[in-house]
Amino acid sequence: MSASAGAPAEAAGPPLRETLLSAGYLRLLLLSVLIGVPVALACFFFVSFQHELQHWVWESLPRQAGYSAAPWWWPLPALVLAGLILAPIVTRMPGAGGHLPVNGLGGAPIGPRAMVSVVLAALATLPLGVVLGPEAPLMAVGSGLALLAVRALRRPIGAKPTALVATAGSTAAISTILGGPVVAAVLVVEAAALGGPQLVMLLLPCLLASSAGALVFTGFGHWTGLKIGALSLPSVPPDVNPDAGDFLWGLPAAVLIAVLITGARLLGRRTVAFTARRTATRTVLCAAAVGVLLSAYGLSTGRSPVDAALSGQIALAQLAAHPHALSVGTLVLLVLWKGLAWGVALGSLRGGPIFPSVLLGAATALACAGLPGFGVTPALSVGIAAAAASVTGLPLTSAVLAVLLMGKDAHDQMPLIVAASVVSFVVTQLLGRKGRLAAEPQERPGT
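Everything in this summary refers to the structure shown in the same document. (Residues numbered from 1 in each chain as written. Predicted model: local features only at pLDDT ≥ 70, side-chain atom pairs only at ≥ 80, totals over all residues. Heavy atoms only, no water.)

## What to know about the overall build of the chain
Next, step 1: Looking only at helices and strands, one finds 16 helices and zero strands in the chain.
Next, step 2: Summarising the internal contacts of the chain: among those between residues at least 6 apart in sequence, 81% fall at separations of at least 24.
Next, step 3: In the form shown here, the chain has an accessible surface area of approximately 18700 Å², with 68% of it arising from carbon and sulfur atoms. (Helix = DSSP H or I, 4+ residues; strand = E, 2+ residues; numbered from the N terminus. Contact = heavy atoms within 4.5 Å. Areas by Shrake-Rupley, 256 points an atom, 1.4 Å probe, with all protein chains shown as cover.)

## Focus: empty space enclosed by the protein
Next, step 1: For the structure on display, the rule yields three cavities of 30 Å³ or more.
Next, step 2: Considering the residues around the largest cavity, the lining is formed by Leu178, Leu187, Ile354, Ala388, Thr392, Thr397, Ser398 and Leu401.
Next, step 3: At the level of secondary structure, the elements contributing two or more residues to the lining of the largest cavity comprise α14 (376-392) and α15 (395-406).
Next, step 4: Considering only residue class, the lining of the largest cavity consists of five nonpolar, three polar and no charged. (1 Å grid on protein atoms, 1.4 Å probe; cavity = no way out; pocket = protein on both sides within 12 Å on 5 of 7 lines; lining within 4 Å. Points joined across faces, edges and corners; volume = space filled by probe spheres on them. Nonpolar A, V, L, I, M, F, W, Y, C, P; charged D, E, K, R; others polar.)

## Focus on α14
Next, step 1: In this model α14 runs 24 Å from its N-terminal to its C-terminal C-alpha over 17 residues, within 8% of the 24 Å that 1.5 Å per residue would give.
Next, step 2: Within α14, 16 of the 17 residues are buried, leaving the element largely enclosed by the surrounding structure.
Next, step 3: Residue Gly393 follows α14 closely and has a positive phi angle near 70°. (Expected span 1.5 Å × (residues − 1). Buried < 20%, exposed > 50% of the residue type's maximum accessible area, 1.4 Å probe, protein only.)

## Some remarks on unusual backbone geometry
Next, step 1: Phi is positive for Val131, close to 60°, though the residue is something other than glycine.
Next, step 2: With respect to the helices and strands, Val131 occurs in the loop between α4 (112-125) and α5 (135-152).
Next, step 3: You can call Val131 buried: its relative accessible area is 0%.
Next, step 4: In this model, Leu310 sits at a positive phi of 65°, which is unusual for a non-glycine residue.
Next, step 5: Looking at where Leu310 falls in the secondary structure, it is placed in the loop between α10 (279-301) and α11 (313-321).

## Comments concerning the packing of aromatic side chains
Next, step 1: A complete count under the given rule lists three aromatic pairs for this structure.
Next, step 2: Here the aromatic rings of Tyr67 and Trp73 are separated by 5.9 Å at their centres, their planes lie at 75°, and the arrangement is edge-to-face.
Next, step 3: Centre to centre, the rings of Trp73 and Trp74 are 5.5 Å apart; their planes meet at 45°, and the pair counts as tilted.
Next, step 4: The exposure class assigned to Trp73 is partly exposed, which follows from its relative accessible area of 31%.
Next, step 5: On the basis of relative accessible area, Trp74 is assigned to the buried category, the value being 10%.
Next, step 6: Among the aromatic residues, those joined into a ring-pair cluster are Tyr67, Trp73 and Trp74.
Next, step 7: If you follow Arg282 out to its NZ or CZ, it ends over the ring of Phe274, 4.7 Å from the centre. (Phe/Tyr/Trp six-rings, centres within 6.5 Å; stacked < 30°, edge-to-face > 60°. Lys NZ or Arg CZ within 6 Å of the ring centre and 35° of its normal.)

## Re α11
Next, step 1: Buried residues of α11: Gln313, Ala315, Leu316, Ala317, Leu319 and Ala320, and no others.
Next, step 2: Residues of α11 that are buried in the fold lie against α12 (328-346), α13 (354-367) and α14.

## Overview of the packing of α12 against α13
Next, step 1: Interaxial distance between α12 and α13 falls to 9 Å at its minimum, and their mutual angle equals 155°. Comparing the axis directions of α12 and α13 gives the class roughly antiparallel. The hand of the α12/α13 crossing is left-handed. Facing α12, whose interface residues are Val328, Leu331, Leu334, Val335, Lys338, Gly339 and Trp342, α13 presents Pro356, Ser357, Leu359, Leu360, Ala363, Thr364, Leu366 and Ala367. (Axes fitted to C-alpha atoms, helices over the stretch in contact; angles between N-to-C directions. Parallel < 35°, antiparallel > 145°, perpendicular 65-115°, else oblique. Left-handed = near helix turned anticlockwise from the far one by under 90°.)

## Focus on a nonpolar patch on the surface
Next, step 1: On the surface, a nonpolar cluster with roughly 400 Å² of combined accessible area is contributed by Tyr67, Trp72, Trp73 and Leu299.
Next, step 2: Looking at the secondary structure, you find Tyr67 in the loop between α2 (23-64) and α3 (75-92). (Patch = residues over 30% accessible without salt bridge, like charges linked within 9 Å, V, L, I, M, F, W, Y side chains within 5 Å. Salt bridge = Lys/Arg side-chain N within 4 Å of Asp/Glu carboxyl O.)

## A word on the packing of α13 against α14
Next, step 1: Running from N to C, α13 and α14 point in directions that differ by 140°, and their axes come no closer than 7 Å. Remark: the crossing between α13 and α14 carries right-handed chirality. Residues Ile354, Ser357, Val358, Gly361, Ala362, Ala365 and Leu366 of α13 touch α14, and the partners they reach there are Val376, Ala379, Leu380, Gly383, Ile384, Ala387, Ala388, Val391 and Thr392.
Next, step 2: In terms of residue class, the contact of α13 with α14 is made up of 12 nonpolar, four polar and no charged.

## Section: the nonpolar core
Next, step 1: Ranked by internal contacts, the top residues of the largest apolar core, which has 110 residues, are Leu233, Val290 and Trp342.
Next, step 2: Looking at this core element by element, the count peaks at 11 residues for α2.
Next, step 3: Here Val290 is in contact with Leu79, Gly129, Val131, Ala341, Val344, Ala345 and Leu349, once residues within four sequence places are set aside.
Next, step 4: Core analysis: the second largest hydrophobic core is formed by six residues, Ile110, Ala114, Val118 and Val141 among them. (Core = buried A, V, L, I, M, F, W, Y, C linked by side-chain atoms within 4.5 Å.)

## With respect to the pattern of salt bridges
Next, step 1: Under the defined criterion, the tally for this structure stands at one salt bridge.
Next, step 2: Notably, a salt bridge pairs Asp307 with Arg303, separated by 2.6 Å at the nearest N-O pair.
Next, step 3: Residue Asp307 is classed as buried on the basis of its relative accessible area, which comes to 12%.
Next, step 4: Of the residues examined, Arg303 reaches a relative accessible area of 35% and is grouped as partly exposed.

## Section: the environment of Leu76
Next, step 1: Tracing the chain through its elements places Leu76 in helix α3.
Next, step 2: What makes Leu76 partly exposed here is its relative accessible area of 29%.
Next, step 3: Put simply, Leu76 and Val292 are 216 residues apart on the chain and 6.1 Å apart in space, counted from C-alpha to C-alpha.
Next, step 4: Those residues in contact with Leu76 that lie beyond four places of it in its chain are Gly291, Val292 and Ser295.

The values reported here are purely geometric and, on their own, carry no functional implication.
Have a look at this one:
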């Protein structure tokens, strides 16, 4: 390496070292670790309580009513109730229950007052089957608690350190349900689009907060024995090396998944326009429409509508453990009805967009797994990676998430996973450039 090439790096080194070793930044790192612990505890009780409510609504209550499983019409009253609960939260409370999920994974950091509406909206409606996940509410809770901790210091730390602490809180929260700090750290790196010293300064607090949070979250779950509801696949099909046939069918499947996810998001944007006026009434109508679509799945397949309701992490785990349990026709109907319900929910209800999209991607790819030369394990890998890349716009994060979900035997699937993430991301961007998703919807006042 020439002297001229090495000079800029050497010149850039001392400021970074001085910043990292400064008393203020070291205090910021310590604060990030301390924040990770209460954020993880809050997320643990949040997710556990949500899981218990979900179990009661969709399993215990139907059995008490004399059904072996939730009947096809079960989502109708459940979603109407969700809409009635959510409407006053969206229109009257600070924070409006959180940002619209069609706008992405998370919004700007929220304060403690707005956090109350986010928690109420999530705990009161997600267990009722609104076809959204807990990831966005958890990130909002993480940032709200982090900002509350900063206020408790009773001494200003500056706008940039405050924003960094809020980001660390969000990262600690999301790491609890995405398999630990690795995915959360990659998400921060890719979403921030930074490099050099700025990236290091942002990444270190987020890594420390998410590591401390993941440790507490996991350990507390083992200690209490409560279900923590993280996105995971306890059992996956046997690993096989992907061959030419898997790439031949897998990459077109990634394109199909990107088109489906993009179409559902477009429906979400149409729903935003629909609910812009008479928000309370139309929020209830949209929730009822979600209930109708979920009931249509149960009625058309003869199965419990719980397959299509909720966030999808439980259904995804069952699908991975028993990939042949559902026929191709049932998988197609699952993608149709759940996809429509998810699209409506994206623009009107509150929650996270990732978990349902991953199930939709996996179901779409598994429906294609009967094609000659397309294996079940490669199909599952393609479905997870392609759906996550399309909905988040973060192909690297999506590839890492798919690898971690597929488990210790995912090494052979990595080339296919990466290719599917990139293809899905590119297709989604091309559709957006053509104007189908180019314009992001504006949040309503108060969101």
